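Read off the chains here:
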Amino acid sequence: MGTAVPPPALPAPPAEWWERLAARIIDAIGFVALYWILSRSLYPLFAPPAGEDRAADPRVLPGLLAGLIAFGAYTAYDYAMHARCGRTLGKKLMRIRLVPYGGASLDRAGLMRRAALYPGLLLTAGIPLVNVPAALFGSAAALFILVDKPLQRGIHDRTAGSRVVRDLR
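This one's a predicted model, so the numbers in the text were calculated from it and none came from an experiment.

**Student:** Kindly report on the nonpolar core, identifying the contributing residues and their values.
**Tutor:** Formed by A15, A23, M94, I96, L98, L111 and V164, the largest nonpolar core amounts to 7 residues. Discounting residues that sit within four places of it in the chain, I96 has contacts with A15, E19, R20, A23, R87, K91, V164, V165, R166 and D167. Listed in part, the 6 residues of the second largest apolar core include L117, L121, A141 and I155.

Given below as C-alpha cells:
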C-alpha cells in the first residue's frame, strides 16, 4: 500500500474588479484622513502673515508635505502588509489576497514597485505637464484589470509578479 497522493490544488479564482476597488478604498480611508489632518495642521506654518502680499498659493507646500507623508505612509503600509501576509486590511475584509503569479514567491522589490505605483501617481496630480500623462497611466493601469482576461492583472500586479485572488481559506 502506498500513500495517497493529494489531488492538485485548484487555482483560486481572480478577485473581481469591484472587490479590489472596495479593498483599495477601505485601505485609503485612514490615509486620506491623515493627509487632510496634516495639510490643515501644516497650513499655519506656511501661511503668510496677515497683510502681506500673497504672490503664491500658500496651500501648495503644506499640501505637498502632507502628501509626501501620507502617501509615503500608505506605500509603507501596502508594502509591509503584502510582504508579511499577502493582504492588507481592505483585502482581508473583502476576502481577497495577493499571491505570486506562476508559483514563485513574491519578490520584495516587485512588492515595493507595486506599493509605490498609486501613491506616486497621486503625488503628480498638481504638477503641470506631468499630471495628465500620470492620470492617463493610472487609468490604463486600472483598465488592465478589466480587460486582462482571465487573470485580471493590473500593471502594478505585473510589475510585482503577482495576482489578486479570492481567499478561499
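Let's pick the thread back up.
**Student:** Just give me the short version of the environment of T159, but keep the residues and values in it.
**Tutor:** Tracing the backbone through its elements, the reader meets T159 in helix 6 (residues 155-160). For T159 and R114, which are 45 residues apart along the polypeptide, the C-alpha to C-alpha distance reads 6.4 Å. Apart from residues no more than four positions distant in its own chain, T159 is found in contact with G110, R113 and R114.

**Student:** Tell me what's going on with the pattern of salt bridges, and back it up with residues and numbers.
**Tutor:** Here the idea is simple: oppositely charged side chains can pair when their charged atoms come close. Applying the stated criterion to the full structure yields 7 salt bridges. With a shortest N-O distance of 3.6 Å, E16 and R166 are connected by a salt bridge. On the criterion of sequence distance, the pair formed by E16 in the segment before helix 1 (17-46) and R166 in strand 2 (residues 162-166) is long-range, its members being 150 residues apart. Relative accessible area serves as the criterion here: at 27%, E16 is assigned to the partly exposed category. According to the relative accessible area criterion, R166 is partly exposed, its value standing at 29%. In this structure, D148 and R158 form a salt bridge, with 3.0 Å as the shortest nitrogen-oxygen distance. Of the two residues, D148 sits in the loop between helix 5 (131-147) and helix 6 while R158 sits in helix 6, which places them 10 residues apart along the sequence. Using a relative accessible area of 15% as the deciding quantity, one classes D148 as buried.

**Student:** Could you give me a rundown of the packing of helix 2 (residues 60-85) against helix 4 (residues 108-123), with the residues and numbers involved?
**Tutor:** Viewed as axis vectors pointing N to C, helix 2 and helix 4 meet at an angle of 150°, and their least axial separation amounts to 9 Å. By the angle between their axes, helix 2 is roughly antiparallel relative to helix 4. In the crossing of helix 2 with helix 4, the sense of the turn from one axis to the other is right-handed. Residues G67, L68, F71, Y74, T75, D78, Y79, H82 and A83 of helix 2 form the contact with helix 4, whose participating residues are R108, L111, M112, R114, A115, A116, P119, L122 and L123.

**Student:** Talk me through the layout of surface pockets; I want residue IDs and the actual numbers.
**Tutor:** Estimates place the volume of the largest pocket at around 520 Å³. Taken together, 25 residues make up the lining of the largest pocket; nearest its centre are R20, L21, R24, I25 and Y118. Considering every element that reaches the lining of the largest pocket, the biggest residue donor is helix 1, with 10 residues. Residues belonging to the lining of the largest pocket are distributed by class as follows: 18 nonpolar, 1 polar and 6 charged. Put simply, the second largest pocket is a space of about 310 Å³. Looking at the second largest pocket, it is lined by 12 residues, and the ones nearest its centre are Y35, G63, L64, L123 and G126. Looking at which element gives the most residues to the lining of the second largest pocket, the answer is helix 2, with 5 residues. Here the residues of the lining of the second largest pocket are counted per class, giving 8 nonpolar, 3 polar and 1 charged.

Scoring rules and cut-offs
- Residues numbered from 1 in each chain as written.
- Predicted model: local features only at pLDDT ≥ 70, side-chain atom pairs only at ≥ 80, totals over all residues.
- Heavy atoms only, no water.
- Core = buried A, V, L, I, M, F, W, Y, C linked by side-chain atoms within 4.5 Å.
- Buried < 20%, exposed > 50% of the residue type's maximum accessible area, 1.4 Å probe, protein only.
- Contact = heavy atoms within 4.5 Å.
- Helix = DSSP H or I, 4+ residues; strand = E, 2+ residues; numbered from the N terminus.
- Salt bridge = Lys/Arg side-chain N within 4 Å of Asp/Glu carboxyl O.
- Axes fitted to C-alpha atoms, helices over the stretch in contact; angles between N-to-C directions.
- Parallel < 35°, antiparallel > 145°, perpendicular 65-115°, else oblique.
- Left-handed = near helix turned anticlockwise from the far one by under 90°.
- 1 Å grid on protein atoms, 1.4 Å probe; cavity = no way out; pocket = protein on both sides within 12 Å on 5 of 7 lines; lining within 4 Å.
- Points joined across faces, edges and corners; volume = space filled by probe spheres on them.
- Nonpolar A, V, L, I, M, F, W, Y, C, P; charged D, E, K, R; others polar.

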